[in-house]
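For reference, the chains in residue letters:
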Amino acid sequence: RAQGCETPVAPHGTPDRNRYSHQGDVSIVYVLNGELEVRFVDDTITLGPGDGMTFSPTQPHSWRNPSLSEETIVIWVMLPAQF
């Protein structure tokens, strides 16, 4: 089973400035509004409205909204469901 959630991300919002990892087979992120930086050890990928990507949740990562003033809305899907 998959788990999905819509997440509003405040300007400069991030779950953690440090990279983290968690169990699972794949994480999918899709940006509905604003921008999202997905940060890995050797790379940062900036996604805009309509952009999406997949990655292994076991790979150390973090993310943040780079905007000073605009909220970002993203959809996350995790396989398998974490909760």
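Residues numbered from 1 in each chain as written. Predicted model: local features only at pLDDT ≥ 70, side-chain atom pairs only at ≥ 80, totals over all residues. Heavy atoms only, no water.

Peer 1: How should I be thinking about the overall build of the protein chain in this particular structure?
Peer 2: Within the protein chain one finds 0 helices and 7 strands. Its C-alpha atoms give the protein chain a radius of gyration of 12 Å, near enough to 12 Å, the size a compact globule of 83 residues would have. Seen along its three principal axes, the alpha-carbon backbone of the protein chain occupies a region of about 35 × 25 × 20 Å. Partitioning the intrachain contacts of the protein chain with sequence separation of at least 6 by distance along the chain shows that 74% fall at a separation of at least 24. Total accessible area on the protein chain is roughly 4,800 Å²; 49% of this is exposed by carbon and sulfur atoms. (Helix = DSSP H or I, 4+ residues; strand = E, 2+ residues; numbered from the N terminus. Rg over C-alpha atoms; globule rule 2.2 N^0.38 Å. Contact = heavy atoms within 4.5 Å. Areas by Shrake-Rupley, 256 points an atom, 1.4 Å probe, with all protein chains shown as cover.)

Peer 1: In this structure, what is going on with the nonpolar core? I would like to understand it.
Peer 2: What tends to happen in soluble globular proteins is that the nonpolar side chains get buried as a cluster. Formed by 13 residues in total, the largest nonpolar core has its most connected members in Val29, Leu36, Val38, Met53, Phe55, Val74 and Trp76. Of all the secondary structure elements, the ones that give two or more residues to this core are β2 (26-33), β3 (36-40), β5 (52-55) and β7 (72-79). What Val38 contacts, discounting residues up to four positions off in sequence, is Val29, Asp43, Thr44, Ile45, Leu47, Met53, Phe55, Ser62 and Trp63. (Core = buried A, V, L, I, M, F, W, Y, C linked by side-chain atoms within 4.5 Å. Buried < 20%, exposed > 50% of the residue type's maximum accessible area, 1.4 Å probe, protein only.)

Peer 1: Quick question: what am I supposed to make of the sheet that holds strand β1 (residues 3-9) here?
Peer 2: Strand order in the open sheet formed by 4 strands is β1-β7-β2-β5, with antiparallel pairing between adjacent strands. Since the sheet does not close on itself, it has two edges, and those belong to β1 and β5, each with one partner. Strand-to-strand twist of the sheet, defined as the mean angle between neighbouring strand axes without regard to direction, takes the value 20°. For β1 and β7, the ladder comprises 7 bridges, and the chain directions are antiparallel. The residue bridging Cys5 from the neighbouring strand is Trp76, located in β7. (Pairing = 2+ DSSP bridges. Axes fitted to C-alpha atoms, helices over the stretch in contact; angles between N-to-C directions.)

Peer 1: Got a minute to help me understand the environment of Ser69 in this structure?
Peer 2: Mapped onto the elements, Ser69 comes out in the loop between β6 (61-64) and β7. Considered as a pair, Ser69 and His12 are 57 residues apart in the sequence and their alpha carbons are 8.3 Å apart.

Peer 1: Even after reading the chapter, I still don't get unusual backbone geometry, so can you show me in this structure?
Peer 2: Glycine aside, negative phi is the norm for most residues, and most peptide bonds take the trans geometry. Residue Leu79 is joined to Pro80 through a cis peptide bond whose omega torsion reads -15°. Mapped onto the secondary structure, Pro80 falls in the segment after β7. With a phi angle near 60°, His12 is a residue other than glycine that sits in the positive phi range. Overall, His12 belongs to the partly exposed group, its relative accessible area being 35%.

Peer 1: What should I look at first to understand the pattern of salt bridges in this one?
Peer 2: Should the charged atoms of two oppositely charged side chains come close, the side chains can pair. Overall, the coordinates contain 1 salt bridge when judged by the stated rule. Its salt-bridge partner being Glu37, residue Arg64 comes within 2.9 Å of it at the nearest N-O pair. Here Arg64, found in strand β6, pairs with Glu37, found in strand β3; they are 27 residues apart in sequence, far enough to count as distant. Take Arg64 and Glu37: they sit in the same class, and that class is buried. (Salt bridge = Lys/Arg side-chain N within 4 Å of Asp/Glu carboxyl O.)

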